[in-house]
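Summary of the model geometry
The lines below spell out each chain.
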Amino acid sequence: MTFYEPKYVEFLIYFNRDQDYFECHEVLEELWLERGRDPLYSGLLQIAVALYHFRNGGVTQAYDKIEGARKMLRTAIRKLSGYPAGTLGIRLDKLVSDARLYLDRLERYEEEPFGFYPLQIELADPALTERVRLTAETLAPHIPQRTGYSRGPKAKPGPAPSADHDAEGGSYAD
């Protein structure tokens, strides 16, 4: 049986069940840092960050969240496209395809605006499906969903860094 990291399982629950993309960022960033900034985890993280930006965004003088979502999706697709379809027990090929379609729509957003809609990560491994089910029974959703850092290396007083930069100031787009 394949071992799945507990933080990865939590990421899947926050992504699919709760659509809590900020919390997805929080738990997967921890795993990403523990695993030496693995591009696979970075790509998954970037999809969550893109959805967070688009759902909570718009264009302000400070930041164009639509363009931020586009950048995150472009980089995520590039990073994830080279992995096998069933990587990490999920239908990674379907997630990449769905992300491409989302990006295509975001590229035309100014001409054809649309409302936010979530993506789902399809689980391919029955053992992962069971692990997610069991973990979801005890993992409570964050209500209301958080938008500031309260755990990990970014949990410090003062203004919260943006969701597209890591704790050391590096960008997930790298």
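First things first, this report covers the structure right here in the doc. (Residues numbered from 1 in each chain as written. Predicted model: local features only at pLDDT ≥ 70, side-chain atom pairs only at ≥ 80, totals over all residues. Heavy atoms only, no water.)

With 16 residues, helix H4 (residues 65–80) extends 22 Å from end C-alpha to end C-alpha; this agrees with the ideal 22 Å at 1.5 Å per step. Ile 66, Gly 68, Ala 69, Arg 70, Met 72, Leu 73, Thr 75, Ala 76, Ile 77, Lys 79 and Leu 80 are the residues of H4 that are buried. Buried residues along H4 sit against helix H3 (39–56) and helix H5 (92–107). One side-chain oxygen of the residue at the start of H4 lies 3.1 Å from the amide nitrogen of Ile 66, identifying that residue as Asp 64. (Helix = DSSP H or I, 4+ residues; strand = E, 2+ residues; numbered from the N terminus. Expected span 1.5 Å × (residues − 1). Buried < 20%, exposed > 50% of the residue type's maximum accessible area, 1.4 Å probe, protein only. Contact = heavy atoms within 4.5 Å. Polar contact = N/O pair within 3.5 Å; in protein donor to acceptor, adjacent residues only side chain to side chain.)

Counting through the fold element by element, Gly 57 comes out in the loop between H3 and H4. Separated by 11 residues in the primary sequence, Gly 57 and Gly 68 place their C-alpha atoms 9.2 Å from one another.

On to the nonpolar core, then. Membership of the largest hydrophobic core comes to 47 residues, with the highest contact counts inside it found for Tyr 8, Phe 11, Phe 15, Leu 44 and Ile 47. Only helix H1 (6–18), helix H2 (21–34), H3, H4, H5 and helix H6 (126–138) provide two or more residues apiece to this core. Broken down by element, this core gets its largest block of residues, 11 residues, from H3. In this structure, Ile 47 is in contact with Phe 15, Leu 73, Ala 76, Leu 80, Leu 95, Ala 99 and Leu 119, ignoring residues within four places of it in sequence. (Core = buried A, V, L, I, M, F, W, Y, C linked by side-chain atoms within 4.5 Å.)

Our focus in this paragraph is the packing of H1 against H3. It is at 12 Å that the axes of H1 and H3 come closest, and there the two elements cross at 25°. With respect to H3, the axis of H1 lies roughly parallel. Here the hand of the crossing between H1 and H3 comes out left-handed. Touching Tyr 8, Phe 11 and Phe 15 of H1 are Tyr 41, Leu 44, Ile 47, Ala 48 and Leu 51, all from H3. (Axes fitted to C-alpha atoms, helices over the stretch in contact; angles between N-to-C directions. Parallel < 35°, antiparallel > 145°, perpendicular 65-115°, else oblique. Left-handed = near helix turned anticlockwise from the far one by under 90°.)

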